[in-house]
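Here are the chains, one letter per residue:
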Amino acid sequence: MRYVICTFLGMTLFAFCWVAVGYGIFQLLGIGTCASGGPYVSARQCPDGTGGLMLALTGGILGLFLAGGIYLARGTPPGAQSPPQNAGIVIWFWTGLFWALAAGSFLAVWGPEANPGPGAKLGGLIVGFMGLIMGAGGLLALNFRRRKQPPAQSFNPAVARIAGTASRFSAAPDPVGRLDTLDRMRKQGTLTEAEFETLKSKIIGGG
């Protein structure tokens, strides 16, 4: 239950923060360059609500850390014996952040409702292309990490059963115990009749 709840909350918060980051950069680029500080500031005065947009952008970035913490705390999946691989957090955090910035920037410059403010077009293009490159870097790093990992060893139940029986056979302290083990192996089908007779003769003969 914990795994499902933390996964849902983490992914929901990730999506919300991506939207907040993209929306914040989109609106800020629509305002363009400005300054706050009253009528005596020589730069263009920032309109009302600029501070809230800055808060949305900053809060979206900080919220991604919280989303990552919730996602990492999800624990072991139901029915699994080991915790999940958390390398995917690179995509949810790093790539999502920079691609949200890129999407908001490109929409503000080239989108159907694009209306970049004074001096914002060049800055939006720089942020957009840098966001694309940085986000792709997260995907490449994750793919490189997966390629470096050795392939998982396949598990063969039949081989494990034979190895376990053989270890019990070698651990038998006396010939009688070994003969009993051999007999069980023959009945289980691990040994053929010919193999059983060969090993039995060796034990009886002191081999």
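This text goes with the structure placed above it.
Source: prediction; values computed, not measured.

Undergrad: Summarise the nonpolar core; cite the residues concerned and give the values.
TA: The nonpolar side chains of soluble globular proteins are, as a tendency, buried together. Grouped together as the largest cluster of nonpolar side chains are 19 residues, with contacts concentrated most on Phe14, Val21, Leu29, Leu57, Leu64, Leu97 and Leu101. Contributing elements (two or more residues each) for this core: helix H1 (2–31), helix H2 (50–72) and helix H3 (89–110). For this core, the element with the highest residue contribution is H1, accounting for 7 residues. With sequence-adjacent residues up to four places away left out, leucine 97 is seen in contact with Trp18, Val21, Ile61 and Leu64. Of all hydrophobic cores here, the second largest spans 5 residues; its members include Leu182, Met185, Leu191 and Ile203.

Undergrad: I'd love a proper account of the environment of glycine 68, names of residues and values included.
TA: Of note, glycine 68 is situated in helix H2. Among the residues examined, glycine 68 registers a relative accessible area of 8% and is labelled buried. Remark: the alpha-carbon pair of glycine 68 and glycine 10, spanning 58 residues in sequence, is separated by 6.6 Å.

Undergrad: For the packing of helix H6 (residues 175–188) against helix H7 (residues 193–204), give the residues involved together with the corresponding values.
TA: As a packed pair, H6 and H7 sit with axes 10 Å apart at the nearest point and diverge in direction by 180°. One element, H6, and the other, H7, form an angle in the roughly antiparallel class. Contact with H6, carried on its side by Pro175, Arg178, Leu179, Leu182, Asp183 and Arg186, involves Glu193, Phe196, Leu199, Lys200 and Ile203 of H7 and no other residues of that element.

Undergrad: How would you explain the environment of tryptophan 92 if you had to name every residue and give the values?
TA: Tracing the chain through its elements places tryptophan 92 in helix H3. Among the residues examined, tryptophan 92 registers a relative accessible area of 26% and is labelled partly exposed. Along the sequence, tryptophan 92 and glycine 138 sit 46 residues apart, while their C-alpha atoms lie 9.6 Å from each other. Discounting chain neighbours no more than four positions away, the residues touching tryptophan 92 are Met11, Phe14, Trp18 and Tyr71.

Undergrad: Would you mind going over the pattern of salt bridges in detail, with residue names and values included?
TA: Taken as a whole and assessed by the stated rule, the structure comprises 3 salt bridges. Across the salt bridge formed by aspartate 183 and arginine 186, the nearest N and O atoms sit 2.5 Å from each other. Highlighted residues: aspartate 183 and arginine 186, both in helix H6, separated by 3 residues, approximately one helical turn. Exposure remark for arginine 186: the relative accessible area of 27% places this residue in the partly exposed category. Between lysine 187 and aspartate 183 there is a salt bridge; the shortest N-O distance is 3.2 Å.

Each value, and the rule that gives it
- Residues numbered from 1 in each chain as written.
- Predicted model: local features only at pLDDT ≥ 70, side-chain atom pairs only at ≥ 80, totals over all residues.
- Heavy atoms only, no water.
- Core = buried A, V, L, I, M, F, W, Y, C linked by side-chain atoms within 4.5 Å.
- Buried < 20%, exposed > 50% of the residue type's maximum accessible area, 1.4 Å probe, protein only.
- Helix = DSSP H or I, 4+ residues; strand = E, 2+ residues; numbered from the N terminus.
- Contact = heavy atoms within 4.5 Å.
- Axes fitted to C-alpha atoms, helices over the stretch in contact; angles between N-to-C directions.
- Parallel < 35°, antiparallel > 145°, perpendicular 65-115°, else oblique.
- Salt bridge = Lys/Arg side-chain N within 4 Å of Asp/Glu carboxyl O.

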